[in-house]
Structure formats: C-alpha cells, structure tokens
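Remarks on the overall topology
Read off the chains here:
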Amino acid sequence: MFKKALQDHPGSGLKPLHQTDLLRANATAPSKPQSQPQSGGVKRKIEIAGSSLGSLHNAVYFDENDFDDDLDLDEPQPLIAPRVNGSTIPETVTYPSLDTSRIGQSVYGNENLADINYPDLPSISQEAAVPPSSIQLPWSSSPPAHFQPPVKKPRTLPWTKEEEEPREDKKKSFVTPKRSKPAEPWNKSESTIKAEQKELRQEYKKTQKSDRKPKQQDSKIARVFLSDEQKAVLDAVVERGKSMFFTGSAGTGKSVLMREIIAKLRNKYRKEPDRIAVTASTGLAACNIGGVTLHSFAGIGLGKEPVPELIKKNQKARNRWLRTKVLVVDEVSMVDGDLFDKLEEIARRIRNNGRPFGGIQLVVTGDFFQLPPVPDGSNREAKFAFAAASWTTCIQHTILLTNIFRQRDPEFANMLNEMRLGKITPSTIEAFRRLSRPLDVNDQIEATELFPTRAEVDGANSARMGRLSGEVMRFNAVDSGTIQDPQHRDRLLSNCMAPPMIQLKKGAQVMLIKNMEDSLVNGSIGKVVAFMSEDYFDSYKENDKNFTDDATASDDERAHRARKKLKPMGYKEGPASMARKWPLVSFLQPDGSERHLLCQPETWKIELPNGEVQAQRQQVPLILAWALSIHKAQGQTLQRVKVDLGRVFEKGQAYVALSRAVSQEGLQVTRFEPRKVMVHPKVVDFYSNLVSITELNKSKTSHALNPDDFDDEDF
Ligand SMILES: Nc1ncnc2c1ncn2[C@@H]1O[C@H](COP(=O)(O)OP(=O)(O)OP(=O)(O)O)[C@@H](O)[C@H]1O
Ligand SMILES: [Mg+2]
C-alpha cells in the first residue's frame, strides 16, 4: 500500500520516511514510565549555542488568557470544522459496491420479475391491477421509499456535504423560486404581480450577494496532496489507532497533517463527535485548529494542585474524560512536562483504566526546537513534555517529518535547519548577515516586523497608524453565545485572533486572519485601500475595473471616479451609501500580483459537539500587520518578514521568527549573532536520540516503510 502511495504521488519528493521513535512502549504499564526515550541507534552530534537570557522570560509575549481556567466548559469539543489554510483532499473512499441497476425500476415491465416467486395473494380487481407505479402494492412488505424514483445525485463524501449542498440549494431556489401554482398572467391582480416582482428581485439580490463574497473557509482553498510520510502518519493514526507524536522542522506540514487527521477522525466518529478532543497548548494554537486549550479540556484551572484535588475541582470534566477516545494535542512544545504527567494520571483514575492515559489514543504534534513551555512564575526551569515520566509509555510512535514545504529553496531550508539545531556554520552566519539589507520590493507592502513582546508590537503598530492621515474607522466585534457571564465569555474569546475592537485607516497594513480562498488565506498581508459599503463595492467592481488598481489615485479620487461612472448607469446615492462601510483591502499574492477583498465580518465560534455555541465573535477578519508578535506568528507562513535578533531573548524564538519566511528574498535579519540562536540542550538530546527510518532500515533488512511498521509487535 505504501508502494502504491509512492506511485500515486510522484511529486511528493520520494524521500524515505524518517520514522524515528521505535521506542518500545509498554502499553500496559503506566506505572513504570521512563524519563528519557531510549536511543534506537545512530546519534547525531549537535553542538549547542546557548546563552542564559532566561531572566527575560517574564516579558515573553503570551495572551494573558492562553492558559485560562475554563471551569464551565462543558465539552472539550470546539468550534469550526478544521478546514483552514491548506486543507487536503481526503483520500478516496471506496463504498461497498451496490447494484443500482434495479433501484427505482418500475415493478411492472421488468422481464426479470418473471423469475420472482410471489406469495399467494388475494385476487386483485381489474381496476386495481394497473396502479400508478408509485403506489405501494397492498401485499408488498417494502416501505414506500422503495417505490420512489432513483436518487440521481451522486453520493458525496460526508465532509464535503455540508459545504456543497447548501450552495446547490441556494442556486436552485433562485432558478425555481418556491411559488404557489402560477395563475394565468391575465388573471393576476396588480398586487400579485408586484409581489412576484419583489420576490424575484430579492431572489436575484440574494444570489448576487452569495456570489459577492468568497465563500469562507476551505471549500475554495487549494487542496494539498499529502506526502508519503504524511500519509503514513495519517494511516497509523486513523486506521490503526496508534498513539503518535509527529514532529519536524518548521514548514514540514505538521499543521496541514494535523488538520487532515482531525477531519478524518471527525468523520470516523461522526456519530459520536465528543469522542475526539481537539486541544492545543495555548488558546491561540487551539483556536487555529478549532479546539480548546488542554487546560480547558481537562477542567483543571491552572493545574497547580495535586491530582486528587484537580479531579475534584471540576466534576463536569469527568464526563469529557470518560467519553474521550482520542486526544489531539497541538503545539506540544509549550506543554509543561509535569502537567502532562498530571493529565495522564487524571485520565487513568477517572477512567478507572490502568493503561497509559487511561487507554485514550494520543495524537500529538509540535517541534520542541520552537517555543518552550511558559515558566510558571517559580524559578523552576521549564520542563518539556518529552521529559514527563509518562511520555514514553503514552507515545507509541514518534515520527520525524523531513520534507520541508514552506521554503522551496534548499539552501535557505538548510540555513534554517542549522539554526534550529543551534549548529551554525560560518558560511550560514555570513549568509544570514547578508540578509540585513532592506527588502527590495516594488509595491507598498512592507515586511512584517516580528517582536518578542506584545508591548513592542503595539508600539510599532500604533506609531505607523499615527503617521497615516485620514479618518480612523473603528470596528467593534459583536460577541454572543450561550455563556452569559461576560467575563467568562471574554476569556474564551480572547483566544481568537480577532480583537474585540480594531481601528483602521486607509493605508494601514493588515493581515487576513481567516482562510477565504486559495490565495487569500490566514497570513495574507495587504493594505487597506478604501472603506465602502457592500452595494457600492458591487457596483464599482462591475463597472470600473481601474477603481482600485490605480495605486496613485487618492481614495477620494477613486470614489469620485466610480460615482461618475456609475451615475449614468442608474446608480443613486441613497440609503446604500449610508450603509455600513467595510475595509477594502489589496492583498499581496504569492506570485506578486494583488487581489482586492471587501473584508466583512467573519465568525469565530466556540461550539460544543451538540451544536451549542458557547461563545461567538463576529469581527472583520483583519489585524494590523506592520508588526506581529513571534507568539502570534508561530505557525504562520509569511512572504515578507523582518526580525531584529538583538531583541530576542528566549530559546527557540529566533528560529520561530526566521522560519516564518518563505524565501531569503523575503527576509530581513538585523543584528544577527550566533549567540542569539539559543537551543535547549535537553531538546538537542531528545532529538539526537531519535533515529531516522533510513538509519533504522540500514540496521535491519532494507525495506521501504509500510503501515505494518506501526504494528504493536514492533514495540
Ligand atoms: N503535502 C504538502 N504539499 C504542499 N504543501 C504543503 C504540504 N504540507 C504543507 N504544505 C505547505 O507548507 C507550508 C507549511 O505547512 P505547515 O504550516 O503545516 O507546517 P508546520 O510543520 O506546521 O510548520 P510550523 O512548525 O512552522 O508550524 C504551508 O504553506 C502548507 O500549505
Ligand atoms: Mg504548524
């Protein structure tokens, strides 16, 4: 099957999968965990470039509610379907073959019916002998549905259904609007005709509106084909129910793979959605995958107390622990090791099951070379999750993804990899130093500057806003949900990228924080070029192509030009021009071209599996983007980035910041100093104990990785 996957996927760089782990986890002995994974073979020698700037920890930028106490959250399950940037085509699903040739055939006129032995029946009158074909025969045991004509619509995959069906219906409702039996035209009263015209106008308007805005979420997002190593992990998790940790450099597609795994798991457990708990270490990371924080899921508040107290703390969470079959944890590098052990014990105790994590399947991802756990205020050194006593017993397989997608330039990818490991060669140092020059761009989009602290980000963005002339437009979020306590709701919603209020001006540089279309995704950077109502936008878009393309024209000139053009076409200044105005943003595309989008409010939801929306925020999907915190940038892919390494103080920060860039051309680095590239020695140790599948294969008989490599007997 793996070989077939190789054939099917020629473009995926047919590199061997680097499966590392191969630690033999004792699936039934949770009480004897190992503190370090065993080495399975060849070790990489990695030098450490470190420095003790840890005293600056307290200033590290995190959203204050990232580790919130969410005692009332009833269910672990969130939100939005996990279809965001770069979602992938689900693998083909083969349904059992079905002989459809006879479905819906009339019970009469079918020669094969002669072969059927009917039961003895009471005689039927001549009149009743030829009923309409849709009438159920009195002696038939078939339900009426069997006499309906065949359903011509092809079967759709469950995860595409939700998105596709409503659109179809919408179109249909325009083509054939629901109406009572048409009267003869000459028989209609004037008011009936007027009502019909109004209905048609409304239908038309509705259709126009639905075409106007790119359908949000992932239906239009370019599908990504998983690489072979990604597919192997997907298969092991979804089909074989393995507990896995998959890791790899920045840009190796961990998040893309995780989204696909979640989609597949949700489909697998579609009848019992609360069997999957989707969580992440921070609120921001959780929001990005449509989940909740690990703390919220576990119902443990800050999790400082001993386990028995934590169990008592939130009885509502008991049910969640009991129901969960799969626990997904994203951005695990920021999960504290002691917390991991506590959760493991809580799971075992509540579920009264002695297996690791009480028998829950773990699906964990992250890169320990990126941001570490947040210090808890005590002087205790951060403890990584892999250092948890129960880590090796809970994680059956560790997979190292090696195919880097974000940086296509191998030279740049290699520079970043050296930085990740803290082993930077003189030529790489030189190459990074050469990147101190300003970026050579011929449009108005500047590089987004990444800072470690929130104060620096706010300062830089407000300074740039202050330099712009023009009216400030303020956009307040509309929050709602079943949670009535405003503080609790705010706490939940603080995990959204969308702020409660954003002020914008024409010329402001912004980042899109929702996936809209394949080239307008979370992370796209653009400039606000105007503010206008939806109707106005439609009218000018249709009639004046140059309206937004002329970069030299002032906004007033553009608006004036558009009005002049629209007037003869019947456009009237009226209520429409009084309507709410939204930011029109010109976004930079990866190919260098521009695209305009009228950014109207989008919705972020915290939704329970039963469909109850606990908290919801509607806001324009934009944040200011001259500057961004490294924390918020984690996980993003950015075309133009500027980083001042003189400011970074935390291990992993420099690597996270620089690895957001897709190319050297789009990266400016100032004050590059090798000592600023800090790597935690324990992380180096952990990764050096991982053995690639290539090395493993060399030591065993040579064979390509196949799904059987994940069978239990290997461990
Ligand atoms: N199989 C794939 N084919 C093509 N592009 C891919 C594939 N997987 C991921 N990508 C692209 O590579 C980029 C990085 O992917 P992703 O964000 O998932 O990486 P990551 O490992 O999570 O990185 P980070 O550690 O920085 O969060 C994205 O632009 C994504 O669309
Ligand atoms: Mg990621």
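Residues numbered from 1 in each chain as written. Chains lettered and ligands numbered in written order. Predicted model: local features only at pLDDT ≥ 70, side-chain atom pairs only at ≥ 80, totals over all residues. Heavy atoms only, no water.

1. Description of the overall build of the protein
Of the regular secondary structure elements, the protein holds 22 helices and 20 strands. Counting over 715 residues, the protein shows a buried share of 50%. Of the accessible surface of the protein, which amounts to about 34,900 Å², a share of 51% is contributed by carbon and sulfur atoms. (Helix = DSSP H or I, 4+ residues; strand = E, 2+ residues; numbered from the N terminus. Buried < 20%, exposed > 50% of the residue type's maximum accessible area, 1.4 Å probe, protein only. Areas by Shrake-Rupley, 256 points an atom, 1.4 Å probe, with all protein chains shown as cover.)

2. Digging into the UniProt feature "DNA-binding region" (unreviewed entry) in the protein
As recorded in UniProt, the sites labelled "DNA-binding region" (unreviewed entry) are residues 653-672. What you have in residues 653-672 is 30% helix and 20% strand, and the ends, taken at the C-alpha atoms, are 13 Å apart. (UniProt positions renumbered as here; feature names shortened; annotations may be inferred.)

3. What about the packing of helix α9 (residues 316-323) against helix α10 (residues 337-351)?
Interaxial distance between α9 and α10 falls to 9 Å at its minimum, and their mutual angle equals 85 degrees. Relative to α10, the element α9 is oriented roughly perpendicular. Contacts between α9 and α10 involve Arg318, Trp321 and Leu322 from the former and Leu343, Ile346, Ala347, Ile350 and Arg351 from the latter. Considering only residue class, the contact of α9 with α10 consists of six nonpolar, no polar and two charged. (Axes fitted to C-alpha atoms, helices over the stretch in contact; angles between N-to-C directions. Parallel < 35°, antiparallel > 145°, perpendicular 65-115°, else oblique. Contact = heavy atoms within 4.5 Å. Nonpolar A, V, L, I, M, F, W, Y, C, P; charged D, E, K, R; others polar.)

4. So, the packing of aromatic side chains
This model, assessed by the stated rule, comprises 18 aromatic pairs. Taking 5.4 Å as the distance between ring centres and 55 degrees as the angle between the ring planes, the aromatic pair formed by Phe340 and Trp391 counts as tilted. Placement of Phe340 in helix α10 and of Trp391 in helix α11 (residues 391-394) is noted, with a sequence separation of 51 residues between them. The buried category is assigned to Trp391, whose relative accessible area is 1%. (Phe/Tyr/Trp six-rings, centres within 6.5 Å; stacked < 30°, edge-to-face > 60°.)

5. Thoughts on the environment of Val224
Inspection of the secondary structure puts Val224 in the loop between α3 (190-212) and α4 (228-238). Using a relative accessible area of 30% as the deciding quantity, one classes Val224 as partly exposed. With 33 residues separating them in the primary sequence, Val224 and Leu257 have C-alpha atoms 9.9 Å apart.

6. Side note on the sheet that holds strand β3 (residues 292-293)
The sheet built from six strands is open, its strands ordered β3-β2-β4-β5-β1-β6 with parallel pairing. One side of each edge strand has no neighbouring strand; the edge strands of this open sheet are β3 and β6 (397-401). In terms of strand pairing, strand β2 (residues 276-280) meets β3 through two bridges, oriented parallel. By the bridge assignment for β3, Ala280 is matched with Thr293. (Pairing = 2+ DSSP bridges.)

7. Observations regarding the packing of α4 against helix α5 (residues 254-268)
Where α4 meets α5, the axes come as close as 10 Å, and the angle between the chain directions of the two elements is 30 degrees. In terms of their interaxial angle, α4 and α5 are classed as roughly parallel. Considering the relative orientation of α4 and α5, their crossing is right-handed. Contact residues: α4 offers Gln230, Val233, Leu234, Val237 and Val238, while α5 offers Val256, Leu257, Glu260, Ile261, Lys264, Leu265 and Lys268. Its residues assigned to classes, the contact of α4 with α5 comprises eight nonpolar, one polar and three charged. (Left-handed = near helix turned anticlockwise from the far one by under 90°.)

8. Thoughts on the site of ligand 1
The environment of ligand 1 is made up of 19 residues, and the closest members are Phe225, Gln230, Lys254, Ser255 and Arg660. One of the side-chain N or O atoms of Gln230 is found 2.8 Å from a nitrogen atom in ligand 1. Side-chain polar atom of Gln370 to an oxygen atom of ligand 1: 3.0 Å apart, as the coordinates give it. Starting from 630 Å² of accessible surface for ligand 1 in isolation, the protein chains cover 87%. Sort the elements by how many residues they give to the shell around ligand 1 and α5 lands first, with three residues. Across the shell around ligand 1, the residue classes break down as six nonpolar, ten polar and three charged. (Near = heavy atom within 4 Å. Polar contact = N/O pair within 3.5 Å; in protein donor to acceptor, adjacent residues only side chain to side chain.)

9. A look at the environment of Leu421
With respect to the helices, strands and loops of the structure, Leu421 is situated in helix α12 (residues 410-421). Separated by 262 residues in sequence, Leu421 and Val683 have C-alpha atoms that sit 9.1 Å apart.

10. Things to note about the pattern of salt bridges
With the rule as written, the count across this model stands at 17 salt bridges. Close ionic contact of Lys383 with Asp338 constitutes a salt bridge, the shortest N to O distance being 2.8 Å. Of the two residues, Lys383 sits in the loop between β5 (361-365) and α11 while Asp338 sits in helix α10, which places them 45 residues apart along the sequence. Among the residues examined, Lys383 registers a relative accessible area of 24% and is labelled partly exposed. For Asp367, the salt bridge is made with Arg420, and the minimal N-O distance between the two is 2.8 Å. Linking Asp367 in the loop between β5 and α11 with Arg420 in helix α12, this pair joins segments that are 53 residues apart in sequence. With respect to burial, Asp367 and Arg420 carry one shared label: buried. Overlapping salt bridges, with partners in common, bring together Glu272, Asp274, Arg275 and Arg323 in one network. (Salt bridge = Lys/Arg side-chain N within 4 Å of Asp/Glu carboxyl O.)

11. Quick notes on the pairing of β5
Burial analysis of β5 places five of its five residues in the buried class, the great majority of the element. Here β5 shows a buried face lined by Gln361, Val363 and Thr365 and a second buried face lined by Leu362 and Val364. Pairing between strand β1 (residues 244-248) and β5: three bridges, direction parallel. Across the sheet, Phe245 pairs through a bridge with Val364, a residue of β5. By the bridge criterion, four bridges tie strand β4 (residues 326-330) to β5 in an arrangement that is parallel. Counted as the bridge partner of Val328 is Val363 from β5. The handedness of the β4 to β5 crossover, carried by α10, is right-handed. (Right-handed = clockwise from strand over helix to strand, strands pointing away.)

12. Here's the deal with the side chain of Gln616
Relative to the elements of secondary structure, Gln616 occurs in strand β16 (residues 613-619). By relative accessible area, which is 15% here, Gln616 ends up buried. Leaving out residues up to four positions away in the same chain, Gln616 has contacts with Val478, Asp479, Ser480, Gly481, Leu493, Thr603, Trp604 and Lys605.

13. Remarks on empty space enclosed by the protein
Counted by the stated rule, this structure contains seven cavities of 30 Å³ or more. Taken as a whole, the largest cavity holds about 100 Å³ of empty space. Along its surface, the largest cavity is lined by 16 residues, and Phe369, Lys651, Gly652, Met678 and Val679 are the ones closest to its centre. Only α12 and α20 (653-658) provide two or more residues apiece to the lining of the largest cavity. Within the lining of the largest cavity, the residues separate by chemical class into eleven nonpolar, three polar and two charged. (1 Å grid on protein atoms, 1.4 Å probe; cavity = no way out; pocket = protein on both sides within 12 Å on 5 of 7 lines; lining within 4 Å. Points joined across faces, edges and corners; volume = space filled by probe spheres on them.)

14. Here we look at the environment of Glu344
Counting through the fold element by element, Glu344 comes out in helix α10. We classify Glu344 as buried; its relative accessible area is 2%. For the pair Glu344 and Pro356, spaced twelve residues apart in sequence, the C-alpha separation works out to 6.9 Å.

15. Things to note about the sheet that holds strand β14 (residues 594-598)
Ordered in space as β14-β13-β12-β11-β17, the five strands form an open sheet in which the pairing is antiparallel. At either end of the open sheet lies a strand with only one pairing partner, and these are β14 and β17 (622-624). Strand-to-strand twist of the sheet, defined as the mean angle between neighbouring strand axes without regard to direction, takes the value 40 degrees.

16. Overview of helix α15 (residues 486-493)
Every buried residue belonging to α15 is among His488, Arg489, Leu492 and Leu493, and all of these are buried. An end-on view of α15 places all buried positions within 130 degrees of arc, on one side of the element. N-cap assignment for α15: the residue whose side-chain oxygen lies 3.1 Å from the backbone N of Gln487 is Asp485. (Arc of directions from axis to C-beta.)

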